[in-house]
Amino acid sequence: MGEQPMAAFRSKKIAVAAILTLQVTAMVLTLRYSKTTARYLSSTAVVCAEFVKMLVCVVVLTWTYGAGIGDHLMQELLMKPRDMVLVSVPAFLYLIQNNLLFYAMEHLDAAVYQVTYQLKILTTAICTVLMLDRRLTTQQWVALIVLTAGVALAQLQPPSKDQPKHSASLSSQTAGILALLVACFTSGFAGVYTEKLLKQTQASLWIRNLQLAVWSIVAGFIGIFSTNDGAVVMEKGFFDGYTQVVWCVVVLQACSGIVVALVIKIADNIVKNFSVAMSLLLATVISMPLFSFEPSPYFVVGAMLVLASVQLYSTSTNYVGNLFKRQAPRGGECCV
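Here the structure is a predicted model, which is why all the values come from computation and not from measurement. (Residues numbered from 1 in each chain as written. Predicted model: local features only at pLDDT ≥ 70, side-chain atom pairs only at ≥ 80, totals over all residues. Heavy atoms only, no water.)

(A) Quick look at the overall build of the chain. A tally of helices and strands in the chain yields 14 helices and zero strands. In sequence order, the chain lays out its α and β elements as α-α-α-α-α-α-α-α-α-α-α-α-α-α. For the chain, contacts bridging at least 24 residues in sequence account for 87% of all contacts bridging at least 6. When the accessible surface of the chain is summed, it comes to about 17400 Å², and 66% of that surface belongs to carbon and sulfur atoms. (Helix = DSSP H or I, 4+ residues; strand = E, 2+ residues; numbered from the N terminus. Contact = heavy atoms within 4.5 Å. Areas by Shrake-Rupley, 256 points an atom, 1.4 Å probe, with all protein chains shown as cover.)

Here it is in structure tokens:
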């Protein structure tokens, strides 16, 4: 591959990663503000975001196919049952993951939960190597370990003096740890499985997003009505507590889903994890003057580790070259 095509490809990766960082930062800040100004069910907002994402995909596909949109959707959604079944896997894995996370929250201290859950960064890398037959350099593995530690420290909140200590038994805490570890592997597998779907099939990014949205809506409703949220929805309504700010959260979350898919298709899940980590730092820094937010004493150390991990990972060129050879578009082939 020539130097110019490779440089253009790397520039595209950097661009989509930067867009994701800014977009997730905006979403996190809006979400934090919404939680201080409105009382609503997060589970219903997630379902609404999938509906918005589905609508955006239909609009883009209609713009592309015009009068033939009906036939195209019929072909992709109804005439390919195998494809639809394959796409359902990540949606239901995320449903299982959410249940495991709720179980872990009930049986673990907040600090243990926050630190352990960051192992999903490493499980994503492991799944990438195993499922997509990629190789990571020793420097990149070190960078990912540093990133995991950095994100864990940046999010770690020391318990306050008034906060009661967790009194779960050893067996209960062990069960919580196991549930959290399974959730980490579920997260990694689902993310890399989605990457495989986006890169190794002929369907466009918009069709894949549309298919994922359909199954995510199904999984979302199952999640709502299999928990206490279902009773609240039946009593107060699906949109109880929604304000203009909440709808902004919904739209931003829908955009996040589309941008994440774009990052995964052009780059990979590991780059996505770095982007999300950077957005965490950026959102925290902006929250300080905006919401009078006081980060934990560990935040500065965690932020330094995250920045160091980005430098470590980005200066290892072996993987970038290998990624370019595997993912660069061939002549006449569209990336999206």
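Next comes the rest of the account.
(B) Summary view of the packing of aromatic side chains. In this structure the tally under the stated criterion is twelve aromatic pairs. An aromatic cluster is defined as three or more aromatic residues linked by ring pairs; in this entry it consists of Tyr40, Phe221, Phe225, Phe238, Phe239, Tyr242 and Trp247. Across from the ring centre of Phe293, 5.2 Å away, lies the NZ or CZ of Arg32, which sits over that ring. Between the NZ or CZ atom of Lys35 and the centre of the ring of Tyr40, over which it lies, the distance is 4.4 Å. (Phe/Tyr/Trp six-rings, centres within 6.5 Å; stacked < 30°, edge-to-face > 60°. Lys NZ or Arg CZ within 6 Å of the ring centre and 35° of its normal.)

(C) Region of interest: helix α7 (residues 138-155). Look at α7: 26 Å from first C-alpha to last across 18 residues, which is about the 26 Å you get at 1.5 Å a residue. Of all the positions in α7, only Gln140, Ala143, Leu144, Val146, Leu147, Thr148, Gly150, Val151, Ala152 and Ala154 are classed as buried. (Expected span 1.5 Å × (residues − 1). Buried < 20%, exposed > 50% of the residue type's maximum accessible area, 1.4 Å probe, protein only.)

(D) Unusual backbone geometry, seen in detail. Although it is not a glycine, Asp133 sits at a positive phi angle of roughly 55°. As for its placement among the helices and strands, Asp133 is situated in the loop between α6 (120-132) and α7. Asp133 gets classed as exposed once you look at its relative accessible area, which sits at 55%. Look at Ser292: it is not a glycine, yet its phi comes out positive at around 55°. For Ser292, the position within the fold is in the loop between α12 (269-291) and α13 (299-314). Take Ser292: its relative accessible area is 63%, and that puts it in the exposed class.

(E) Fine view of the nonpolar core. Of all hydrophobic cores here, the largest spans 18 residues; its most connected members are Leu144, Leu147, Val151, Ile270 and Tyr313. Excluding residues that lie within four positions of it along the chain, Leu144 makes contacts with Ile121, Leu122, Ala125, Leu136, Ile270, Phe274 and Tyr313. (Core = buried A, V, L, I, M, F, W, Y, C linked by side-chain atoms within 4.5 Å.)

(F) The pattern of salt bridges, seen in detail. Enumeration according to the criterion identifies six salt bridges in this entry. For Glu76, the salt bridge goes to Lys80, with nearest N and O atoms at 3.3 Å. Given the relative accessible area of 8%, Glu76 is considered buried. Ionic pairing is found between Arg208 and Asp83, a salt bridge with its closest N-O pair at 3.4 Å. Taken together, the residues Arg208 in helix α9 (residues 205-225) and Asp83 in helix α4 (residues 81-107) connect sequence positions 125 residues apart. Overall, the relative accessible area of 2% leaves Arg208 in the buried class. By relative accessible area, Asp83 is classed as buried at 17%. Put simply, Arg134, Glu195, Lys199 and Asp268 are held in one network by salt bridges that share partners. (Salt bridge = Lys/Arg side-chain N within 4 Å of Asp/Glu carboxyl O.)

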